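One letter stands for each residue in the lines below.
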Amino acid sequence: MRVVVLLYCVSAVLSISFKLPADGTRCIKEEAHKDVLVVGEFGIETIPESHEVDILVSDTKGQTLFSKEKAESGKFAFTLDDYDMFSICFTGKRKADQGSGRGGPPVDDLSVKLTVKRGVEAKSYNDLAKAEKLKPMELELKKLEDLAEAIVTDFAYMKSREKLMRDTNESTNSRVLWFSIFSMAVLLGLALWQVFYLKRFFKAKKLIE
């Protein structure tokens, strides 16, 4: 159980640092289950005065979950109506009053730090403890309860996906089997037709009786 809990906690938190071209776009894609809270926090270091950075969080349907222009740091939170992938895109660009920037001095890549938490890790248990006046032991039990519920939900989802894949494989195998039987029947029919045709042809030419 400890191993499962540890693996779940690791997968529920994404924390990375990467370089963003001053005049380019970088996107990070992640997945989230239905009604699972996703919380993100980002920071961009040393943005030059000639540039700005926009951030856009969206799902595969093109729905905007969060957006901010001229972003330097901030937080965002959202939930999805169904299991889906979401993308977090950072776009560096030159400010409108700076022109196209061609021929100007080169600008170094920007450093971006991004942390994304999902499910249990995204909840603020300190605020919950204050609101419900929970003791430390009660708070820990609440965390374990939520974690166990999240693990059960993930297992149920994986089980449903496994069933779907198994049904698809069985359906595919059944179709392949019937197609093979049909192909063999067609080939057998053609072979018999060819034998009878050649027999009639040779009889017509009086080569056989």
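Structure first, text after, so check above.
This is a predicted model, so every value here is computed, not measured.

## A look at the overall build of the protein
Right, so step 1: Across its full length, the protein holds 3 helices and 8 strands.
Right, so step 2: The order of α-helices and β-strands along the protein, N terminus first, is α-β-β-β-β-β-β-β-β-α-α.
Right, so step 3: In the protein, which comprises 209 residues, the proportion classed as buried is 26%.
Right, so step 4: Nonlocal contacts in the protein, meaning residues at least 24 apart in sequence, comprise 78% of its contacts between residues at least 6 apart.
Right, so step 5: Carbon together with sulfur atoms contributes 58% to the accessible area of the protein, which is approximately 15,300 Å² in total.

## Section: a nonpolar patch on the surface
Right, so step 1: A grouping of F179, F182, V186, L187 and L190 is seen on the molecular surface, where their side chains present a nonpolar patch of about 540 Å² in accessible area.
Right, so step 2: The exposure class of L190 is partly exposed, given its relative accessible area of 48%.

## A closer look at the environment of R26
Right, so step 1: Of note, R26 is situated in strand 2 (residues 25-32).
Right, so step 2: As for R26 and I88, which are separated by 62 residues in sequence, their C-alpha atoms are 8.3 Å apart.
Right, so step 3: With sequence-adjacent residues up to four places away left out, R26 is seen in contact with F18, K19, L20, P21, I88, C89 and F90.
Right, so step 4: A distance of 2.7 Å separates the side chain of R26 from the backbone oxygen of K19, its partner in a polar contact.

## A few points about the nonpolar core
Within soluble globular proteins, side chains that are nonpolar tend to cluster in buried spots.
Right, so step 1: Counting 24 residues, the largest nonpolar core has F76, F86, I88, F90 and L114 as the members making the most contacts within it.
Right, so step 2: For this core, the secondary-structure elements that each account for two or more residues are strand 1 (13-20), strand 2, strand 3 (38-45), strand 4 (51-59), strand 5 (64-68), strand 6 (73-78), strand 7 (84-94) and strand 8 (110-118).
Right, so step 3: Sequence-distant contacts of L114, defined by excluding residues within four places in its chain, comprise L14, S15, I16, F18, I28, E41, F42, F76, I88 and F90.
Right, so step 4: Membership of the second largest hydrophobic core comes to 7 residues, among which are A129, L147, A150 and I151.

## Brief notes about helix 3 (residues 136-204)
Right, so step 1: Compared with an ideal rise of 1.5 Å per residue, which puts 69 residues at 102 Å, helix 3 spans 101 Å between its outermost C-alpha atoms and is within 8% of the ideal.
Right, so step 2: Taken residue by residue, helix 3 has L139, D146, L147, A150, I151 and D154 as its buried positions.

## With respect to the state of the cysteines
Right, so step 1: In the structure shown here, the tally under the stated rule is 1 disulfide.
Right, so step 2: The disulfide partner of C27 is C89, and the gap between their sulfur atoms is 2.0 Å. With the S-S dihedral at roughly 110°, the linkage between C27 and C89 falls on the right-handed side. Of this pair, C27 sits in strand 2 while C89 is found in strand 7, placing the two residues 62 residues apart along the sequence.

## Some remarks on the packing of aromatic side chains
Right, so step 1: For the structure on display, the rule yields 6 aromatic pairs.
Right, so step 2: An aromatic cluster is built from F66, F76, F78 and F86, whose rings are joined through pairwise contacts.

## Examining the sheet that holds strand 3
Picture the strands of a sheet paired through backbone hydrogen bonds; they go either parallel or antiparallel.
Right, so step 1: With antiparallel pairing, the 4 strands of this open sheet are ordered in space as 1-8-3-6. The sheet terminates laterally at strand 1 and strand 6, the two strands that pair on one side only. Between one strand axis and the next, the sheet turns by 15° as a mean value, whatever way the strands run.
Right, so step 2: Both strand 3 and strand 8 contribute to a ladder of 8 bridges, which runs antiparallel. Residue pairing in the sheet places F42 in a bridge with L114 of strand 8.

## Notes on the pairing of strand 8
Right, so step 1: Residues L110, V112, L114, V116 and R118 line the buried face of strand 8, whereas the alternating positions S111, K113, T115 and K117 sit on a face that is not buried.
Right, so step 2: As defined by bridge partners, strand 1 adjoins strand 8 across 8 bridges and the pair is classed as antiparallel. Looking across to strand 8, one finds that L14 is bridged to V116.

## Quick notes on unusual backbone geometry
Right, so step 1: Here the phi dihedral of T46 falls at roughly 50°; this positive angle occurs in a residue that is not glycine.
Right, so step 2: Within the chain, K70 stands out as a residue other than glycine whose phi angle is a positive 55°.
Right, so step 3: By the secondary structure assignment, K70 is in the loop between strand 5 and strand 6.
Right, so step 4: With relative accessibility at 60%, the residue K70 sits in the exposed group.

Scoring rules and cut-offs
- Residues numbered from 1 in each chain as written.
- Predicted model: local features only at pLDDT ≥ 70, side-chain atom pairs only at ≥ 80, totals over all residues.
- Heavy atoms only, no water.
- Helix = DSSP H or I, 4+ residues; strand = E, 2+ residues; numbered from the N terminus.
- Buried < 20%, exposed > 50% of the residue type's maximum accessible area, 1.4 Å probe, protein only.
- Contact = heavy atoms within 4.5 Å.
- Areas by Shrake-Rupley, 256 points an atom, 1.4 Å probe, with all protein chains shown as cover.
- Patch = residues over 30% accessible without salt bridge, like charges linked within 9 Å, V, L, I, M, F, W, Y side chains within 5 Å.
- Salt bridge = Lys/Arg side-chain N within 4 Å of Asp/Glu carboxyl O.
- Polar contact = N/O pair within 3.5 Å; in protein donor to acceptor, adjacent residues only side chain to side chain.
- Core = buried A, V, L, I, M, F, W, Y, C linked by side-chain atoms within 4.5 Å.
- Expected span 1.5 Å × (residues − 1).
- Disulfide = S-S within 2.5 Å.
- Phe/Tyr/Trp six-rings, centres within 6.5 Å; stacked < 30°, edge-to-face > 60°.
- Pairing = 2+ DSSP bridges.
- Axes fitted to C-alpha atoms, helices over the stretch in contact; angles between N-to-C directions.

Keep in mind these numbers describe shape, not what the thing actually does.
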